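Structure assessment
Each chain, written out:
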Amino acid sequence: LEYAERYELVYNLLKEEPRIAISRNSPVKRQGGYFIWVEFPSGVNSDDFLSYSMKHFGVKFMSGGRCDPFPLTKGDTSGISIRSCARLCIADLDRDELVDATAAFLEAFR
């Protein structure tokens, strides 16, 4: 699959969950790239969700806080929103694996 096809496939599966915002700054029609950013509702910590989803569903992703170049310091709220985000890689799985992985991600979230 081309990256644009991968993006479309995973995007269409993820959009079934209305509480997850998908790559707000990215158009649905993609020319390339192999990450999809998702944003969980406020209060969902992606580090905690990563631990849960790996343990119970075997799902791995990059938590948003790991992608933040500026560490959150006490009293600083500027980086809190990225901690409710996740970066999903769509590069190394075939079509069936992407479908299964996305379904497991959504099941873990629900």
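Our subject is the structure listed above.
Because the structure is predicted, anything quoted here is derived from the model rather than measured. Sequence order as written defines residue numbering, which begins from 1 separately in each chain. Totals for whole chains, interfaces and linings use all residues, but because this is a predicted model, local features are given only for residues with pLDDT of at least 70 and pairs of side-chain atoms are given and counted only at 80 or more. Remark: hydrogens and water are excluded; side-chain values derive from all non-hydrogen atoms of the structure.

Let's shift gears to the layout of surface pockets. Using a grid of 1 Å spacing that covers the protein atoms alone, one calls a set of points a cavity when a 1.4 Å probe fits there but cannot get out, and a pocket when the set is open and has protein on both sides within 12 Å along at least five of seven lines; lining residues are those with an atom within 4 Å of a point. Grid points are joined across faces, edges and corners, and a volume is the space filled by probe spheres set on the points. A volume near 330 Å³ is recorded for the largest pocket. Around the largest pocket sit 15 residues that line it, and Lys60, Phe61, Cys89, Leu93 and Ala101 are the ones nearest its centre. Put simply, DSSP marks the helices as runs of H or I at least four residues long and the strands as runs of E at least two long, and each gets a number from the N terminus on. Taken together, the elements giving at least two residues each to the lining of the largest pocket come down to α1 (3-14), β4 (85-89) and α3 (95-109). It is α3 that contributes the most residues to the lining of the largest pocket, 4 residues altogether.

Below, the discussion takes up the pairing of β4. Any two strands between which DSSP finds at least two bridges are classified as paired. When strand β2 (residues 35-39) meets β4, the two strands line up antiparallel, connected through 5 bridges. Bridging across to β4, Trp37 finds its partner in Arg87. As judged from the 2 bridges shared by strand β3 (residues 62-63) and β4, these two strands associate in the antiparallel manner. Across the sheet, residue Met62 finds its bridge partner in β4, namely Arg87.

The salt bridge criterion pairs a side-chain nitrogen of Lys or Arg with a carboxyl oxygen of Asp or Glu, the two atoms within 4 Å. Per the counting criterion, the structure on display carries 2 salt bridges. One salt bridge in this structure joins Arg19 and Glu17, with 2.8 Å as the shortest N-O distance. Glu17 is the salt-bridge partner of Arg110, the closest N and O atoms lying 3.1 Å from each other. Of this pair, Arg110 sits in the segment after α3 while Glu17 sits in the loop between α1 and β1 (21-22), and the two are 93 residues apart along the sequence. Burial classes follow relative accessibility: with a 1.4 Å probe on protein chains only, a residue under 20% of its type's maximum area counts as buried, one over 50% as exposed, and anything between as partly exposed. A residue is classified by how much of its surface remains accessible, and Arg110, at 56% relative accessible area, is exposed. Overlapping salt bridges, with partners in common, bring together Glu17, Arg19 and Arg110 in one network.

This next bit is on a negative patch on the surface. Residues with no salt bridge and a relative accessible area higher than 30% make up the patches, which join like charges within 9 Å and nonpolar side chains (Val, Leu, Ile, Met, Phe, Trp, Tyr) within 5 Å. All accessible areas in this document rest on Shrake-Rupley with a 1.4 Å probe, and a residue is counted as covered only by the protein chains that are shown. For the purpose of counting charges, residues Lys and Arg are taken to be positive, whereas Asp and Glu are taken to be negative. His and the chain ends are not included. Charge placement uses NZ in Lys and CZ in Arg. For Asp and Glu, CG and CD serve respectively. A cluster of acidic residues, Asp92, Asp94, Asp96, Glu97 and Asp100, forms a negative patch at the surface. Mapped onto the elements of the fold, Asp94 is located in the loop between β4 and α3.

Lines are fitted to the C-alpha atoms to define the axes, a helix being fitted only along its stretch in contact, and any angle between axes, read from their N-to-C directions, falls within 0 to 180 degrees. At a closest axis distance of 10 Å, the pairing of helix α2 (residues 46-57) and α3 adopts a crossing angle of 115°. Once α2 is placed against α3, the crossing between them reads as right-handed. Listed contacts from α3 to Phe49, Tyr52, Ser53 and Phe57 of α2 are Ala104, Phe105, Glu107, Ala108 and Phe109. Each residue gets one of three labels, nonpolar for Ala, Val, Leu, Ile, Met, Phe, Trp, Tyr, Cys and Pro, charged for Asp, Glu, Lys and Arg, and polar for the others, Gly among them. For the contact of α2 with α3, the residue count by class is 7 nonpolar, 1 polar and 1 charged. Helix crossings are classified by the rotation of the near helix relative to the far one: an anticlockwise turn of less than a right angle makes the crossing left-handed, while a clockwise turn makes it right-handed. Contact criterion: two residues are considered in contact whenever any of their non-hydrogen atoms come within 4.5 Å of each other.

Our focus in this paragraph is α3. To estimate how far a helix should extend, the number of its residues minus one is multiplied by 1.5 Å. The first and last C-alpha atoms of α3 sit 21 Å apart over 15 residues, in line with the 21 Å expected at 1.5 Å per residue. All of the buried residues in α3 are Leu98, Thr102, Ala104, Phe105, Leu106, Ala108 and Phe109. Tucked inside the fold, the buried residues of α3 contact α1, β2, α2 and β4. You can read the cap of α3 off the contacts: a side-chain oxygen lies 3.1 Å from the backbone nitrogen of Asp96, and it is on Asp94. Any pair of N or O atoms that falls within 3.5 Å is considered a polar contact. Within protein, one atom must be able to donate a hydrogen and the other to accept it, and sequence-neighbouring residues count only if both atoms are side-chain atoms.

Function cannot be inferred from these measures alone, as they are strictly geometric.
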